[in-house]
Amino acid sequence: MSISIHSIHKHFGSYSALEDISLEIPNGSLTALLGPSGSGKTTLLRIVAGLEFPDEGAGIIRFHGQNVSNIPVVKRGVGFVFQHYALFRHMTVAQNIAFGLTVLPKKHRPSRGEIRSRVNELLDLVKLEGLAKRRPDQLSGGQRQRVALARALAIRPKVLLLDEPFGALDAQVRKELRRWLRQFHDEIGLTTLFVTHDQEEALELADQVVVMRNARIEQVGKPQDVYDHPRSPFVYEFLGNVNKVQRHGSEPQYVRPHEIEVLFAAEYEPATDQLARVTHLFSAGPVASLTVRLPDGYFLDVQLSRKQLDELALGIGDEVAVRMRIHGAA
Ligand SMILES: Nc1ncnc2c1ncn2[C@@H]1O[C@H](COP(=O)(O)OP(=O)(O)OP(=O)(O)O)[C@@H](O)[C@H]1O
């Protein structure tokens, strides 16, 4: 199911939460809404869901070409998972997953046997076989979010909407669930829109990244494209580490830590290099980072492989030559 969002505006009183948002979400894609707090991600997700409506007459939402702008949430066929959308504590895992089916009007409600087999199918899908009778407080945080996902999928939604689904989990579990979600998405191919303020999560997971800022879309593209070709200084700075060098009266220049080459000072080439001094060194695991200070006082963060660092055999205070691939502000 493709989603087409056309020229959406949304005010809360006089506050403008979304301004002229247009976006195409291809069928079967995993799209990330990425942006800082307050940029409007959740509001946009809620409008796609039908939990919130755009300003009167401002914008159209189409699911697979059909205008759903005035269709309420219960009829839109969307499944949700929210960061703090708690499971029902007094119900078992199986009862939680079955919930959306058991509350359907009688004429649409599957039989008990059908519900049981659907729940088993979903437990299998989210890899929680054997935990059907547990209660939420007997599960880990990651398992709970997978139950929430199974519960969202029970009604066979046409679209899956996730609002910071892993936000409350610790870093390790987040990473595991992220990989799992990618694999899971590839298996079921359901059009999925998820909100995150975590750049790494968006870049690693999504087919399409939508960068939002101050109620507007700043850039849309494949992760590699927005990372390699940021359209504005904001996107540059928001998508991961970047060094910003702004000399008096000139436009800012940007360079990512892995785009800086470090050479022995003896290899200095005036046309391409700058001399710098090492002020900080850190190496743990295969990647090493160092900070160098340029003669005009700017500090640059540099990323190297551990092997490169060992070959350079650097210490604090050593002089090096740095060669950079500089990007101007777009
Ligand atoms: N019901 C509401 N009434 C008034 N203002 C609201 C309402 N919902 C959201 N806002 C405001 O709209 C702006 C966008 O909120 P939104 O939740 O969409 O941002 P977000 O990008 O999802 O942020 P976060 O990452 O913090 O969740 C915020 O300034 C917020 O305070």
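Residues numbered from 1 in each chain as written. Predicted model: local features only at pLDDT ≥ 70, side-chain atom pairs only at ≥ 80, totals over all residues. Heavy atoms only, no water.

Looking at an unreviewed UniProt entry, the protein carries the name Sulfate ABC transporter ATP-binding protein, with the source organism given as Luteolibacter pohnpeiensis.

Our focus in this paragraph is the sheet that holds strand 13 (residues 260-264). What the 5 strands build is an open sheet, ordered 13-17-14-15-16; its pairing is antiparallel. Whereas interior strands pair on both sides, the edge strands pair on one side only; in this sheet they are strand 13 and strand 16 (299-305). With direction set aside, neighbouring strand axes in the sheet form an average angle of 45 degrees. Alignment of strand 14 (residues 273-284) against strand 15 (residues 287-293), held across 7 bridges, turns out to be antiparallel. Paired with V278 across the two strands is V292, which belongs to strand 15. (Pairing = 2+ DSSP bridges. Helix = DSSP H or I, 4+ residues; strand = E, 2+ residues; numbered from the N terminus. Axes fitted to C-alpha atoms, helices over the stretch in contact; angles between N-to-C directions.)

The next point concerns the pattern of salt bridges. Side-chain pairing between opposite charges can occur once the charged atoms of the two side chains come close. On inspection of all chains with the given rule, the structure shows 18 salt bridges. Between R118 and E121 there is a salt bridge, and its shortest N-O distance comes to 2.7 Å. Residue R118 and its partner E121 are both found in helix 4 (residues 112-125); the two are separated by 3 residues, about one turn of the helix. (Salt bridge = Lys/Arg side-chain N within 4 Å of Asp/Glu carboxyl O.)

This brings us to the site of the ligand. By nearness alone, every residue bordering the ligand is listed as F12, Y15, A17, P36, S37, G38, S39, G40, K41, T42 and T43. Within the contact set of the ligand, an oxygen atom lies 3.0 Å away from a backbone nitrogen or oxygen of S39. In the model, an oxygen atom of the ligand is placed 2.9 Å from a nitrogen or oxygen of the K41 side chain. Isolated, the ligand exposes 640 Å² of accessible area, and the fraction of that covered by the protein chains is 58%. For the shell around the ligand, the elements supplying multiple residues, two or more each, are strand 2 (15-25) and helix 1 (41-49). The element that contributes the greatest number of residues to the shell around the ligand is helix 1, accounting for 3 residues. Residues that form the shell around the ligand fall into these classes: 4 nonpolar, 6 polar and 1 charged. (Near = heavy atom within 4 Å. Polar contact = N/O pair within 3.5 Å; in protein donor to acceptor, adjacent residues only side chain to side chain. Areas by Shrake-Rupley, 256 points an atom, 1.4 Å probe, with all protein chains shown as cover. Nonpolar A, V, L, I, M, F, W, Y, C, P; charged D, E, K, R; others polar.)

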